[in-house]
Amino acid sequence: MQADILLLSILPTGANVLVRFSDAGNLRVLPARQHPVFLIKKEKKRYEKEDHILKQLGASRKQIQWIRFWFFIYLLRLPGGLSVAASGSSDNGGSGDTAKDTYTVGICQLVQHQALDAATQGFKDALKEELGDKVEFVEQNAANDIPTCGTICNGFVSDGVDLILANATPALQAATAATQSIPILGTAVTEYGVALDIENFSGTVGGNVSGTSDLAPLDQQAAMFSELLPDAKTVGILYCSAEANSVYQADVVKAALEDKGITVKIYTFADSNDVATVTATACDECDALYIPTDNTAASCAEAINNVALPKKTPIITGEEGIAKGCGIATLSIDYYQLGVTTGKMAAKILTGESDISTMPIEYYQNPVKKYNADICEQLGITVPSDYTAIG
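Described in the following lines is the structure provided in the data block. Treat the numbers as computed from the prediction; the structure is a model and nothing was measured. (Residues numbered from 1 in each chain as written. Predicted model: local features only at pLDDT ≥ 70, side-chain atom pairs only at ≥ 80, totals over all residues. Heavy atoms only, no water.)

Our focus in this paragraph is a negative patch on the surface. Residues D125, E129, E130 and E353 make up a contiguous surface patch of negative charge. Tracing the chain through its elements places D125 in helix α4 (residues 114-131). Taking the relative accessible area as the measure of exposure, D125 reaches 31% and is therefore partly exposed. (Patch = residues over 30% accessible without salt bridge, like charges linked within 9 Å, V, L, I, M, F, W, Y side chains within 5 Å. Areas by Shrake-Rupley, 256 points an atom, 1.4 Å probe, with all protein chains shown as cover. Salt bridge = Lys/Arg side-chain N within 4 Å of Asp/Glu carboxyl O. Lys, Arg positive; Asp, Glu negative; His and termini not counted. Charge placed at Lys NZ, Arg CZ, Asp CG, Glu CD. Helix = DSSP H or I, 4+ residues; strand = E, 2+ residues; numbered from the N terminus. Buried < 20%, exposed > 50% of the residue type's maximum accessible area, 1.4 Å probe, protein only.)

As structure tokens, then:
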């Protein structure tokens, strides 16, 4: 059986190489330009991690030693020797030392819906404004299939893009799994500590990751139930179980509502196939629903509305796109402007003005109370004057 593996930083130079080995112990080192992208990393001492990966693929200790030996020979045979490996990439662990003539940016968007589309467009517009024709985009949509995010991001690594935009949490998780060297900016990611499993998250991810968050004040969203639906005694929280950030939002809103004496029930759906059934159950058992910022729910907003509206169940949502499709109101952020902020961050990273490892996550500063005039009218809900109608 033959196995291929891309080794990162198996020598202190930190170059990439594809090693092909077989059960018989035959080894072949392929030039990085022939298969994966040639990368340089600042991270050192990653031998233990790479050895573990090789062992899982069946490599013996002797094979691992031979892999390192042949990799070293490979570097020596490059024109210019090891100096080529040290200068063969624009990546230096998160920010470039010098500007390039052109930049390629890979965009991995989880699914097509209003909020994510706006964030991607804002990102592209801002980066084009900053860099003009020096930047080109490779845009891919995973059609709400999480494994496809991994395929897309691994493709970006192989193609040698200069930066990855990961639009939504699963895209960010896929990108960070694909590379620890190419700069990654997330957008429309609610809570980076939850998404990346970072304990005691300080606001800066570090390494090769930063970005923008679409987290609106959750306590203020919970307060909208008392403001718009004072008679609601039981609230159901509806979200996709596959989205870690939805779990986080649900927990925070649940606690806030329970502090107000409201009974909360949790309803989760696995994907678009069972969203209508779960929504129907939630509507039958609750006075109102809350849907957090959830990409699957956003892509299924029409299906949710087709169930909830006939049952006269009002829904408060975590973002404007979902509210426009099935909700009565939201405390909304501007996803286009969130993308613009992300694009400006990208320009600083690509030109070497900023080091991504020190860039904190940025948040939208001025969320706005908005309401769906059509649904509110159908449900007979009176909206205070400080709410703005969704256009």
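Okay, the packing of aromatic side chains next. Under the definition given, this model contains two aromatic pairs. Aromatic pair F123 and F137: ring centres 6.3 Å apart, planes at 65°, arrangement edge-to-face. Note that F123 is positioned in helix α4 and F137 in strand β5 (residues 135-141), a separation of 14 residues in sequence. For F137, a relative accessible area of 22% puts it in the partly exposed group. With a centroid separation of 6.4 Å and 65° between ring planes, the pair formed by F225 and Y290 is classed as edge-to-face. With F225 in helix α8 (residues 218-228) and Y290 in strand β11 (residues 288-291), this pair connects stretches of sequence that are 65 residues apart. Taking the relative accessible area as the measure of exposure, F225 reaches 1% and is therefore buried. (Phe/Tyr/Trp six-rings, centres within 6.5 Å; stacked < 30°, edge-to-face > 60°.)

With that settled, the discussion passes to helix α10 (residues 275-285). Of all the residues in α10, the buried ones are V275, V278, T279, A282 and C283. Taken around the axis of α10, the buried residues stretch over an arc of 135°, which confines them to a single face. Exposed side chains of α10 directed beyond 90 degrees from the buried face belong to T277 and D284. Residues of α10 that are buried in the fold lie against β9 (234-240), β10 (263-269), β11 and α12 (301-308). (Arc of directions from axis to C-beta. Contact = heavy atoms within 4.5 Å.)

The next thing to look at is the pattern of salt bridges. The tally for this structure, following the rule as stated, stands at six salt bridges. One salt bridge in this structure joins K254 and E258, with 2.7 Å as the shortest N-O distance. Here K254 and its partner E258 are both found in helix α9 (residues 244-259), four residues apart, which amounts to about one turn of the helix. Through salt bridges with shared partners, one network takes in E227, K369 and D386.

On any regular strand, side chains alternate: one points to one face of the sheet, the next to the other face. Counting buried positions over the six residues of strand β7 (residues 184-189) gives six, a clear majority of the element. Where strand β6 (residues 163-167) meets β7, four bridges bridge the pair, whose relative direction is parallel. The residue bridging N167 from the neighbouring strand is T187, located in β7. Handedness of the crossover is the feature at issue here: the chain leaves β6, passes through helix α6 (residues 169-178), returns alongside β7, and the resulting connection is right-handed. (Pairing = 2+ DSSP bridges. Right-handed = clockwise from strand over helix to strand, strands pointing away.)

At a minimum axis distance of 9 Å, the contact between α8 and α9 shows a crossing angle of 50°. Classed by the angle they form, the pair α8 and α9 counts as oblique. The handedness of the crossing between α8 and α9 comes out as right-handed. Counting all contacts with α8, which are made through L218, A222 and F225, the residues of α9 involved are Y248, Q249, V252, V253, A256 and L257. (Axes fitted to C-alpha atoms, helices over the stretch in contact; angles between N-to-C directions. Parallel < 35°, antiparallel > 145°, perpendicular 65-115°, else oblique. Left-handed = near helix turned anticlockwise from the far one by under 90°.)

The next thing to look at is the nonpolar core. Ranked by internal contacts, the top residues of the largest apolar core, which has 34 residues, are C108, C149, I164, L172, I184 and Y335. Looking at this core, the elements that each hand over two or more residues are α4, α5 (146-159), β6, α6, β7, α7 (192-195) and α14 (335-350). Residues contacting Y335, with those up to four places away along its chain left out, are A115, A118, A119, A188, D214, T293 and E319. Residues L229, I237, Y290 and A329 belong to the second largest nonpolar core, which totals 27 residues. (Core = buried A, V, L, I, M, F, W, Y, C linked by side-chain atoms within 4.5 Å.)

Taken together, the seven bridges between β9 and β10 define a ladder with parallel strand orientation. Across the sheet, I237 pairs through a bridge with I266, a residue of β10. Once you follow β9 into α9 and on to β10, the crossover reads as right-handed.

Time to look at the sheet that holds β11. With mixed pairing, the seven strands of this open sheet are ordered in space as β10-β9-β11-β12-β13-β15-β16. The open sheet is flanked by β10 and β16 (388-389), the only strands paired with a single partner. When β11 meets strand β12 (residues 315-317), the two strands line up parallel, connected through three bridges. Residue pairing for β12: L289 is matched across the bridge by I315. Strands β9, β10 and β11 of the sheet are contacted by α10, whose axis makes an angle of about 170° with β10.

Spatial ordering of the open sheet is given by β5-β4-β6-β7-β8-β14, a layout of six strands whose pairing is parallel. Only two strands of the sheet have a single neighbouring strand rather than two, namely β5 and β14 (362-363). Examined bridge by bridge, strand β4 (residues 103-109) and β6 share five bridges and lie parallel to one another. Bridge pairing links I107 to L165 in β6. Packed onto the sheet, α5 meets β4, β5 and β6 and runs at close to 175° relative to β4. Together, β4, β6, β7, β8 (209-213) and β14 form the strand contacts of α14, whose direction differs from that of β7 by roughly 170°.

Keep in mind these numbers describe shape, not what the thing actually does.
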